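In case you want the letters, here they are:
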2 protein chains.
Amino acid sequence: MDIQLTFEALDKKFTSFGGLKQGGITRLLYSQEWNDAVRELEKTFKEEGLEASFDDIGNLSGRLVGSTYPEETILTGSHIDTVVEGGHLDGQFGILSALVAVKYLKEKYGQPLRSLEVLSLAEEEGSRFPYVFWGSKNFFNLAKKSDVDTIEDAKGIKFEDAMRQSGFDYRKTEDVRNDIKAFVEVHIEQGKVLESENKTIGVVNGIVGQKRYTINLKGEANHAGTTPMSLRRDTVVAYSEIVTDLTKRAREIGEPLVLTFGHVVPVPNTVNVVPGEITFSIDCRHIDQQLLNDFATEIEDKIKLVAEANDMTYDIHLWMDEAPTLMDKEIVQTIEQAAKNNVGDRYKVMPSGAGHDAQIFAEYVPTAMVFVPSIGGISHNINEETKIEDLVKGIEVLSDVLYELAYKE
Amino acid sequence: MDIQLTFEALDKKFTSFGGLKQGGITRLLYSQEWNDAVRELEKTFKEEGLEASFDDIGNLSGRLVGSTYPEETILTGSHIDTVVEGGHLDGQFGILSALVAVKYLKEKYGQPLRSLEVLSLAEEEGSRFPYVFWGSKNFFNLAKKSDVDTIEDAKGIKFEDAMRQSGFDYRKTEDVRNDIKAFVEVHIEQGKVLESENKTIGVVNGIVGQKRYTINLKGEANHAGTTPMSLRRDTVVAYSEIVTDLTKRAREIGEPLVLTFGHVVPVPNTVNVVPGEITFSIDCRHIDQQLLNDFATEIEDKIKLVAEANDMTYDIHLWMDEAPTLMDKEIVQTIEQAAKNNVGDRYKVMPSGAGHDAQIFAEYVPTAMVFVPSIGGISHNINEETKIEDLVKGIEVLSDVLYELAYKE
C-alpha cells in the first residue's frame, strides 16, 4: 500500500467533519461534527478489520488482536477534538497516522504477536467546556463526575446533556485496563524547533513542567506631568525591570527553559497617568523539575526585590504548577532507532513544550511521543500545516516502532 | 476683611453648583450646574461692585475700573468648569482667589490706577466635549466654529445646542482685546513637589512642552511552550527594554524631564502566547524645547534600535507636540518677591507639568501663574484638597502681585 495516498484519503475524509470553508476544523467535544467523526471512524476501523469499541464516555478503540500475547496491548493514537478554528493535524494526525501504520503493518506482516490498538481520545483541548484531558483522564478513571456535572459551554449547554445526547455517559466502572504495555502518540510539534534545525522527526523524551503565575504590583497613580520621576512609584517601570532581568536570566540558563510574559494590564492604562497598579502573567516551563523550581525561586525573589526597591506591595499567585513528565526510556530508544533508520541524522531528541494526552498516560504505562515539524510553528490555527513528506516519515517511524513493540518477541 | 472667612464662604457657595454628595464637583460646560454657577458669579460680581459682563461664548468678567489708566487691564482668574467628579479647587480656586484678592484690595486701597478684572473662563478641561481651552481660545479668537460644530457629548447632545440653550453663541466679532497688560492665574499644583519640599507657594516660570506618542511593534506570536527563547520575537520583552532604558536615561537627564509609559496593550494578551504585537504610549515633558526635542530623538532612536535588534517592524506616531510656554519674567519676579514677603523661603520657582489656560494667554499677553500645594498631589478627584492656610497664602501673594501691577505707577 502507498502510505501517502492512504493517509491523504483518510485525512480528506475526516477533515470534512467540522471542516471550515476557509480551511481547518472546528470539532468540539460531543458536537454534531464530533459525533459524525467518531461514528465514521468506528466504521473505518471495522472496514480495516479492526475490532471497534467505544468506552462509556466516547473514547474509541480499533483493535487488531495479537496472536501470541493478545492480552498485551500496544496502544497508539491521539485526540479527535479540535480547538475552535483549529488545524487538520492537531490530534487528528495522531489517530490517522496510527490507523495507517496499523493497516500497513497488517498488510505487510499480518497478525502481530501482541495486540495493536488505535485510540481516538474523546477530548484533550478544553475548547468547548472548561475541562481538559477528558478522554485520557477517563481512560485511567481519573476524571470525576463532580469535575464536569455543573459545567456548561458558551451557549449554556450542560456538559452532561451534550454527552448524553451524543449517546455517551459517565464511566460505569472503576476498573482500569492493565493490558497496556506501551502508548505511542504521534503529534505535530506546534513549534518551530524542528523546522529551524531542518529536522524531520522529533523524538520526545519528556513533556515540560510548567508554572503559571498572576502577579500584581501596587504603587501609586500620579499625574504624568506634575509628578517628578523621583516621586513616582511607577508599576510599568517596575514590571519592565522584572521582564528585562528575568528574560536575560532565562536566556543565560538556556534551553529548554522558556519564560513568557503574555498578559499585562496596567491601571488606569491611560497615556497621561503614571500607572499605579499592574497585573501580569508569567508562564515558565522546563523539563527538569529542579531547574524549574530553582528558576521559580528566582522569579519570586526578583519580584519581591523590585517591589520593595520601588516601595510597592506585591501579590504572587502561583495558580498552575505541573510537574514535568518523562517519557519511557526504552520506547524513546526504540523511536530514536526508528528515526535513524528512516531519516538518518535529521531527528532531534527534544522535550515537548506543550501538554499532550501522553502526559496522562506516562503516569501509568510506558509512553513516548513522535513529533513531526510544524511549518512556521503554526498551530491552533486554520493555517496549521506540515509538509506531506514529513507526515509520511512520521507514519513510517511509527510503523517501525509499532513493529518493534508488537511483532517482536 | 478676613481673607480666610471670605474665601470659605465663597468656596462653599460655588461648590454647591454641581457639588456631589460624596464631595467634589461635576460641573461640565453649558450644563445646568455650570449655568447656575456663572449666573451666581455674575450676581456676586455685581454685589461686590464689579462691572459684570459675559462675552458671546460665556466667559465672564468682573471689572473694577482703574482711575488713571482705565484702559490698561490687569486680568486674573481661571476656569469655572470641572472634570467629572473633580475637586473644588481645580479652576474654581483661581476665580475665587482672584475675587477675594480684588475685594480685599478694593476695601483696603480703593480704586486702582489700572483696571482690575476677575475672569471666569467658560471651559478648560475638555471633559464634556472633545475640545479643550474653549474659554481662553475664544478670548483670543483662536477657536473656530468648525472646531466644535459637529462635536457632541457622551449623550449625543451637540456642542452648539448646549451652548445656545445656555444663552450663548459663537463669537460675533473678530476683534481681540488689546487692553490686557498682565494675566495672573492662581491654581493648585496638582502634583506633590511643593508638599514634598515643604513649600507653600509655587512661582511658575513656564508650562512644560509635551510630546505624546503611540508606538506599535510587530514581532511574531508564538506558543509559549513550544517556542525556544532564541526563536522568539517577543514584543513585551522589546517593550520592557525600551521602558527600562529610556526611564534610566530620563532619570540621568534629570528634573524637570518626565517620561511616562501609561498605556500598553500587547496582542493577544494571553498567558500562554508569546505576544507578537504591542501598542503603547509615551508621554514626555520638559520646560526646555531643545532638551525635549533632544530626548524625543533619543526615544525614537531607542525604539528603532530595539525593534531592529529584535527583527520587529515599528510605527512611531507623534500625535501631540506642544511647545513649552515661558511665563513673563517681570511678572515672575513680582510673584517671587510677593512670595518672599509672605512665606520667606517656603516658595519654589518651578515649571508647571500640566497644561493651564495661562499657556494660551502667554502667547499674547504678559502672563504668569501662582501655585499652591496639593495634598498628596491629588487632583481630578473628589479628594483634591489644599490646607486652608496654604490657600490663604496663595490669595495673599496674589493680592500683593495685583497691588504691584494695578496700584503702582
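Remember, predicted model here, so these are calculated numbers, not experimental data.

**Examining the overall build of chain A**
Consideration 1: Per the secondary structure count, chain A includes twelve helices and 16 strands.
Consideration 2: For 409 residues, the compact-globule formula gives about 22 Å, and the C-alpha radius of gyration of chain A, at 24 Å, lands near that figure.
Consideration 3: Burial analysis of chain A (409 residues in total) assigns 57% to the buried set.
Consideration 4: Sequence-distant contacts in chain A: of pairs separated by 6 or more residues, those separated by 24 or more amount to 78%.
Consideration 5: About 15800 Å² of surface is accessible on chain A, with carbon and sulfur atoms providing 47% of the total.
Consideration 6: Here chain A contributes 43 positive and 68 negative side-chain charges, whose respective centroids are spaced 1 Å apart.

**Section: the packing of helix 10 (residues 329–343) of chain B against helix 12 (residues 388–406) of chain B**
All names here are of chain B.
Consideration 1: Relative orientation of the contacting elements helix 10 and helix 12 amounts to 130°, with a least axis distance of 9 Å. Between helix 10 and helix 12, the crossing angle belongs to the class labelled oblique. Our pair here, helix 10 against helix 12, has a crossing hand that is right-handed. For the pair formed by helix 10 and helix 12, the contact residues are T334, I335, A338, A339, N342 and V343 on the first element and K393, E396, V397, D400, V401 and E404 on the second.
Consideration 2: For the contact of helix 10 with helix 12, the class distribution of residues is six nonpolar, two polar and four charged.

**Quick word on the interface of chain A and chain B**
Consideration 1: At the interface, 53 residues of chain A touch 53 residues of chain B.
Consideration 2: Taken together, the two surfaces of chain A and chain B that pack against each other cover about 4400 Å², and 58% of this comes from carbon and sulfur.
Consideration 3: Broken down residue by residue, the surface that chain A buries against chain B is led by K192, M229 and V271 of chain A, which jointly contribute 15%.
Consideration 4: Here chain A and chain B share two salt bridges between them.
Consideration 5: With its nearest N and O atoms 2.5 Å apart, the salt bridge here joins K192 of chain A to E220 of chain B.
Consideration 6: Counting across the chain A and chain B interface gives 18 residue pairs in polar contact (both at pLDDT 80 or more).
Consideration 7: For the side of chain A that touches chain B, the elements supplying multiple residues, two or more each, are helix 7 (193–196), strand 8 (222–223), helix 8 (235–253), strand 9 (258–260), strand 10 (264–267), strand 11 (273–274) and strand 12 (277–286) of chain A.
Consideration 8: Per-element accounting of the side of chain A that touches chain B gives the leading share, ten residues, to helix 8 of chain A.
Consideration 9: Looking at side-chain class alone, the side of chain A that touches chain B contains 23 nonpolar, 20 polar and ten charged residues.

**Some words on empty space enclosed by the protein**
Gaps between atoms show up when a probe of the same size as a water molecule is rolled over them.
Consideration 1: Tallied over the full model, the rule gives three cavities of 30 Å³ or more.
Consideration 2: M229, R232, R233, D234, V237, N310 and M312 of chain A together with R251 of chain B together form the lining of the largest cavity.
Consideration 3: The residue inventory of the lining of the largest cavity, partitioned by class, reads three nonpolar, one polar and four charged.
Consideration 4: Lining of the second largest cavity is provided by I207, V208, Q210, E322, A323, T325, G353, A354, G355 and Q359 of chain B.
Consideration 5: Residue composition of the lining of the second largest cavity, grouped by class: four nonpolar, five polar and one charged.

**Details of the relation of the copies chain A and chain B**
Consideration 1: Mapping chain A onto chain B calls for a rotation angle of 180° and an axial translation of 0.0 Å; the resulting RMSD is 0.1 Å. Classification of the inter-copy transformation places it as that of a two-fold axis. For chain A, the residue whose C-alpha comes nearest the rotation axis is S240 of chain A, separated from it by 2.1 Å.

What counts, and at which threshold
Residues numbered from 1 in each chain as written. Chains lettered and ligands numbered in written order. Predicted model: local features only at pLDDT ≥ 70, side-chain atom pairs only at ≥ 80, totals over all residues. Heavy atoms only, no water. Helix = DSSP H or I, 4+ residues; strand = E, 2+ residues; numbered from the N terminus. Rg over C-alpha atoms; globule rule 2.2 N^0.38 Å. Buried < 20%, exposed > 50% of the residue type's maximum accessible area, 1.4 Å probe, protein only. Contact = heavy atoms within 4.5 Å. Areas by Shrake-Rupley, 256 points an atom, 1.4 Å probe, with all protein chains shown as cover. Lys, Arg positive; Asp, Glu negative; His and termini not counted. Charge placed at Lys NZ, Arg CZ, Asp CG, Glu CD. Axes fitted to C-alpha atoms, helices over the stretch in contact; angles between N-to-C directions. Parallel < 35°, antiparallel > 145°, perpendicular 65-115°, else oblique. Left-handed = near helix turned anticlockwise from the far one by under 90°. Nonpolar A, V, L, I, M, F, W, Y, C, P; charged D, E, K, R; others polar. Buried area = accessible area lost by both parts, 1.4 Å probe. Salt bridge = Lys/Arg side-chain N within 4 Å of Asp/Glu carboxyl O. Polar contact = N/O pair within 3.5 Å; in protein donor to acceptor, adjacent residues only side chain to side chain. 1 Å grid on protein atoms, 1.4 Å probe; cavity = no way out; pocket = protein on both sides within 12 Å on 5 of 7 lines; lining within 4 Å. Points joined across faces, edges and corners; volume = space filled by probe spheres on them. Least-squares fit on C-alpha atoms with pLDDT ≥ 70 in both.

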